[in-house]
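Below are the chains, spelled out letter by letter.
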Amino acid sequence: MAIDMALLDAVVAVAKAGGFREAARVTGSNASRLSDAVRRAEQQLGIRLFHRTTRTVVLTEAGRALMERLLPAINEVNAALDAVNRYRNTPGGTLRLNVPVSATRLVLPALVPEFLQRYPDIRLEIVAESSVQDVFRDGCDAGIRYDERLEQDMVAMPIGPRQQRFALAASPAYLAEHGRPEHPRDLIHHRCLRGRYASGIMADWTFSHEGEEISVETSGPLVVSVGGAMDLAVEAAIAGSGVIYLFDEWLRPALDSGRLEPLLQPWWLIFSSPWLYYNDRRLIPAPLQAFIDFVREKNGREKSSAIPAEPLRHP
């Protein structure tokens, strides 16, 4: 039975994404085009592959049977194409990374421009999320995460500067009206601008000084989603709405310009920077291997200023 492979690609994309809209977002297509491709695939095969409702798209029994046989075959095809790709003078193809929003501001700007210049045939796609998701969600090849538990066969290698810290700050106007905290516990009496994770958790603010660690349950007039919405909290802090506790690098422009003033600097929490995570049991695509080698090279350049730290497994 002959069938257009482009139609099968659409079927696989929808099956993996669990819906037409999500598949369109992942593949850079549009939902109506994918829906039409799936319909034509079903017509050519003479069997329904998906149960469709207004809210869900679920594989039929025949669709599941097809995916069980089709996915390994497509993976083999991609592996074969990638093997040929290795004979190119420079690797090409698409590299998809799943990263937290903070990494797009604090880690990737120092890496991406040089990487793209060195590998002009690689298309880099960044999936930036406020909530922590599976590294391989949305068909991503690798991800950036902070210290987390890794599944078996995952490798973690350092990426970016090996030390980061949180900075506590408020605007001169806020401090003139409400005074300066002298100790982290004083923050319970201040208007704090907080972030909420996608899980619903609003973490306490943690501080450390001379071996003493303190967590403070803060409250205040503004709560934003952790990630991209933190920019709103920063602007609110600059406008005098309250105290903010965020990555030092994120607040640095406002601190350097005087729009925000640092508070309790000896207590600022220092922590390990993120890791690049990938699965070494999968065939590593050429674009990902190029990125791994590039990051390893950058780590070598900055070794003198890095904090000694070991990944969970050495790549």
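Remember, it's a predicted structure, so these values are computed and weren't measured experimentally. (Residues numbered from 1 in each chain as written. Predicted model: local features only at pLDDT ≥ 70, side-chain atom pairs only at ≥ 80, totals over all residues. Heavy atoms only, no water.)

### Things to note about the overall build of the chain
The condition that has to hold: The secondary structure listing takes helices from DSSP runs of H or I that are at least 4 residues long and strands from runs of E that are at least 2 residues long, numbered from the N terminus. Burial classes: relative accessible area under 20% of the type maximum marks a residue as buried, over 50% as exposed, and values in between as partly exposed (1.4 Å probe, protein chains only). Residue contacts are counted whenever heavy atoms from the two residues lie within 4.5 Å of one another. Per-residue and other accessible areas were derived by the Shrake-Rupley procedure at a 1.4 Å probe size, with only the shown protein chains allowed to occlude residues.
The number of helices and strands found in the chain is 10 helices and 15 strands. Counting over 315 residues, the chain shows a buried share of 43%. Of all intrachain contacts in the chain linking residues separated by at least 6 positions in sequence, the fraction that spans at least 24 positions is 73%. Entry remark: accessible area of the chain is about 17100 Å², with carbon and sulfur atoms responsible for 50%.

### Side note on the environment of alanine 286
Of note, alanine 286 is situated in helix α10 (residues 286-301). Along the primary structure alanine 286 and proline 91 are separated by 195 residues, whereas in three dimensions their C-alpha atoms are 6.0 Å apart.

### Re the sheet that holds strand β6 (residues 154-158)
As a reminder of what qualifies: Two strands qualify as a pair provided DSSP detects at least 2 bridges between them. All axes are obtained by fitting lines to C-alpha atoms, using only the stretch in contact for helices, and the reported angles, taken between N-to-C directions, cover 0 to 180 degrees.
Judged by pairing direction, the sheet is mixed, and its five strands sit side by side in the order β4-β3-β5-β15-β6 without closing on themselves. Strand pairing shows two members of the sheet lacking a second neighbour, β4 (122-129) and β6, which therefore form its edges. When strand polarity is set aside, the average angle formed by the axes of neighbouring strands in this sheet is 25 degrees. Of the pairings in the sheet, the one linking strand β3 (residues 93-100) to strand β5 (residues 142-145) comprises two bridges and is parallel in character. Each residue of the ladder has a partner; that of asparagine 98, found in β5, is glycine 143.

### Some remarks on the pairing of β3
Counting buried positions over the eight residues of β3 gives six, a clear majority of the element. With eight bridges joining them, β3 and β4 adopt parallel strand pairing. The residue of β4 that forms the bridge with valine 99 is alanine 128.

### Some details on the pattern of salt bridges
Where charged atoms from two side chains of opposite charge come close, those side chains can pair. Let me state the cut-off plainly: One speaks of a salt bridge when a side-chain nitrogen belonging to Lys or Arg is within 4 Å of a carboxyl oxygen belonging to Asp or Glu.
Counted by the stated rule, this structure contains 14 salt bridges. In this structure, glutamate 114 engages lysine 298 in a salt bridge whose closest nitrogen and oxygen atoms are separated by 3.3 Å. Remark: lysine 298 occurs in helix α10 and glutamate 114 occurs in helix α6 (residues 112-118); sequence separation between them is 184 residues. Judged by its relative accessible area of 25%, glutamate 114 is partly exposed. Residue lysine 298 is classed as buried on the basis of its relative accessible area of 10%. Ionic pairing is found between arginine 118 and glutamate 297, a salt bridge with its closest N-O pair at 2.8 Å. Here glutamate 297 lies in helix α10 and arginine 118 lies in helix α6, a separation of 179 residues in the sequence.

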